[in-house]
Amino acid sequence: QVQLVESGGGSVHPGGSLRLSCAASGFPFSRYVMSWFRRAPGRERVLVANVIPSNTTTYLLDSVKGRFTAFRDNDKNTLYLQMNNLRPEDTAVYYCSRDSTTWGQGTQVTVSS
């Protein structure tokens with residue numbers, strides 16, 4: 001069965017860093033586009049990043065450019081999101097997905113003073 005399990009969320013101060021992980025199983029991970037989405041309180045879910053099988057990022061949300069890096073390790077079947085210089089507006093539940101179709105349960109990121 002297809003499973004996506006996010007981890008690495010937490011509570012940090014502005015300027016802090018977190019690395020999110022998405023452990024994938026049940027499908028040939030290296031053949032699929034993987035994505036990070038986030039949903040902030042009271043807002044719609046938005047696409048944060050797409051990473052194609054070759055580990056090239058084909059999309060990155062404008063508001064996180066220069067701060068976030070999405071990458072994958074196909075040998076470990078894991079997608080990552082390195083988040084640096086976090087801002088309060090980054091507070092959201094972060095989800096990984098396969099082809100924007102299958103979703104994990106999400107991991108909470110809270111950035112506050």
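Residues numbered from 1 in each chain as written. Predicted model: local features only at pLDDT ≥ 70, side-chain atom pairs only at ≥ 80, totals over all residues. Heavy atoms only, no water.

Enquirer: Account for the nonpolar core, with residues named and values stated.
Expert: Counting residues in hydrophobic clusters, the biggest one holds 28 residues, and the most contacted among them are W36, V48, F68, L79, L81, M83 and Y94. Of all the secondary structure elements, the ones that give two or more residues to this core are strand 3 (18–25), strand 4 (34–39), strand 5 (46–51), strand 7 (68–73), strand 8 (78–83), strand 9 (92–98) and strand 11 (107–111). Here this core gets four residues from one element, more than from any other, and that element is strand 3. Setting aside residues no more than four positions away along its own chain, Y94 makes contact with E6, L20, W36, F37, R38, V48, F68, L81, M83, G106, T107 and V109. (Core = buried A, V, L, I, M, F, W, Y, C linked by side-chain atoms within 4.5 Å. Buried < 20%, exposed > 50% of the residue type's maximum accessible area, 1.4 Å probe, protein only. Helix = DSSP H or I, 4+ residues; strand = E, 2+ residues; numbered from the N terminus. Contact = heavy atoms within 4.5 Å.)

Enquirer: Hey, could you go over the pattern of salt bridges for me, with residue numbers and the actual values?
Expert: This structure, assessed with the given rule, holds three salt bridges. Among the ionic pairs, D62 bridges to K65, the shortest N-O distance being 3.0 Å. For K65, a relative accessible area of 49% puts it in the partly exposed group. Here the residues in one salt-bridge network are R38, R67 and D90, joined through shared partners. (Salt bridge = Lys/Arg side-chain N within 4 Å of Asp/Glu carboxyl O.)

Enquirer: I'd like to hear about the sheet that holds strand 8, residue by residue, with values.
Expert: Read across the open sheet, the four strands follow the order 1-3-8-7; overall the sheet is antiparallel. Of all strands in the sheet, those with a lone pairing partner are strand 1 (3–7) and strand 7, marking the two edges. On average, adjacent strands in this sheet sit at an angle of 15° to one another, irrespective of strand direction. Alignment of strand 3 against strand 8, held across six bridges, turns out to be antiparallel. By the bridge assignment for strand 8, L18 is matched with M83. (Pairing = 2+ DSSP bridges. Axes fitted to C-alpha atoms, helices over the stretch in contact; angles between N-to-C directions.)

Enquirer: Now, about the pairing of strand 8: what can you tell me, with residues and values included?
Expert: Burial of strand 8 is extensive: six of the six residues sit out of reach of the surface. Burial along strand 8 is two-sided: the residues T78, Y80 and Q82 and L79, L81 and M83 are all buried. Where strand 7 and strand 8 come together, six bridges link them in antiparallel fashion. Across the sheet, residue A70 finds its bridge partner in strand 8, namely L81. Between strand 7 and strand 8, which follow one another and run antiparallel, lie four residues, and N77 among them has a positive phi close to 50°.

Enquirer: Can you break down the side chain of D90 residue by residue, with the values?
Expert: Within the element layout of this structure, D90 appears in the loop between strand 8 and strand 9. When its relative accessible area of 0% is taken as the criterion, D90 is described as buried. Within the structure, the side chain of D90 is placed 2.9 Å from the side chain of R38, a separation counted as a polar contact. A distance of 2.8 Å separates a polar side-chain atom of D90 from the backbone nitrogen of R87. Leave out the neighbours within four places in its chain, and D90 touches R38, V64, R67, F68, V109 and V111. (Polar contact = N/O pair within 3.5 Å; in protein donor to acceptor, adjacent residues only side chain to side chain.)

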